[in-house]
Amino acid sequence: RIITQAEFEDAKDKVMMGAERRSMVMSEEERRNTAYHEAGHAVVGLNVKYDPLHKVTIIPRGRALGVTMNLPDGDRHSRTREWCEARMAVLFGGREAELILGGEKNVTNGAMGDIQMATSLGRAMVTEWGMSDKLGRVRYSANEQEVFLGHSVTQSKNVSESTAQIIDEEVRRLVAAGEVTAKAILKKKRDDLHVIAKALLEYETLSGEDVAKLVRGE
């Protein structure tokens, strides 16, 4: 059998997004919520300085009901503060899209992973990467290394209660800024959100090029 580009693409998606679970039965309400959630990620990603959109799908993969994948143009070994702030907004694009669809009472727990990643990103920005002007260029996280030759070399660094409070405030500020950015973009690009969500409900998977054409009205 000849292996084509399609097989390579499927293999890459399986590794990066998880195996498809086409046998999983979703109600129409869940499909609609998932379509808007993923469309929200996609729309926000298109309107901030972030990695190009590669693919968005509402076919369940791994533990997720849908996946939006962005990939950089080439190898990247470091992240700028601008990229981190953009990622924070993209992570909240899903939840903000759900709010547009059904309001606060109908928002789902689908953003659980997004909130976890946003919180971890914000904490890393503040405690490890020196991206908080209030806390400065000081590393506040614990210095933990793997066990080597059977000896534990875990070293903890104590942080005062007042500093811990400032860290929490700074993380909350970064997270809140991401939410505000996502909300503003989706409010402005609401038509794009509806168009992409509708296309996802019809085709289930869209490439970055497909989404770009939809946004351009092609």
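Quantities reported herein were computed from a predicted structural model and do not represent experimental measurements.

Colleague: Looking at this model, I keep getting lost on unusual backbone geometry. Mind explaining?
Modeller: For residues that are not glycine, phi is negative in most cases, and the peptide bond is trans in most cases. In this structure, Glu204 takes a positive phi of about 70 degrees despite not being glycine. Tracing the backbone shows Glu204 in the loop between α7 (190-203) and β3 (205-207). Judged by relative accessible area, Glu204 falls into the partly exposed class, the value being 27%.

Colleague: Sorry, what's going on with the sheet that holds strand β1 (residues 53-57) here?
Modeller: By way of backbone hydrogen bonds, the strands of a sheet pair with one another, either parallel or antiparallel. With respect to topology, 3 strands assemble into an open sheet ordered β2-β1-β3, the strand pairing being antiparallel. Across the chains shown, the open sheet's two edge strands, defined by having one partner strand only, are β2 (67-70) and β3. Across this sheet, the average inter-strand angle for adjacent strands is 10 degrees, counted without regard to direction. By the bridge criterion, 4 bridges tie β1 to β2 in an arrangement that is antiparallel. If you follow Val56 over to β2, its bridge partner there is Thr68. Sitting on the sheet, α7 is in contact with β1 and β3, with an inclination near 120 degrees to β3.

Colleague: Just to check I follow, could you spell out the environment of Thr68 for this structure?
Modeller: Tracing the chain through its elements places Thr68 in strand β2. A C-alpha to C-alpha distance of 9.4 Å links Thr68 and Gly40, two positions 28 residues apart in sequence. Once residues within four sequence positions are removed from consideration, Thr68 is found in contact with Glu38, His41, Ala42, Leu53, Lys55 and Val56.

So, how was this worked out
- Residues numbered from 1 in each chain as written.
- Predicted model: local features only at pLDDT ≥ 70, side-chain atom pairs only at ≥ 80, totals over all residues.
- Heavy atoms only, no water.
- Helix = DSSP H or I, 4+ residues; strand = E, 2+ residues; numbered from the N terminus.
- Buried < 20%, exposed > 50% of the residue type's maximum accessible area, 1.4 Å probe, protein only.
- Pairing = 2+ DSSP bridges.
- Axes fitted to C-alpha atoms, helices over the stretch in contact; angles between N-to-C directions.
- Contact = heavy atoms within 4.5 Å.

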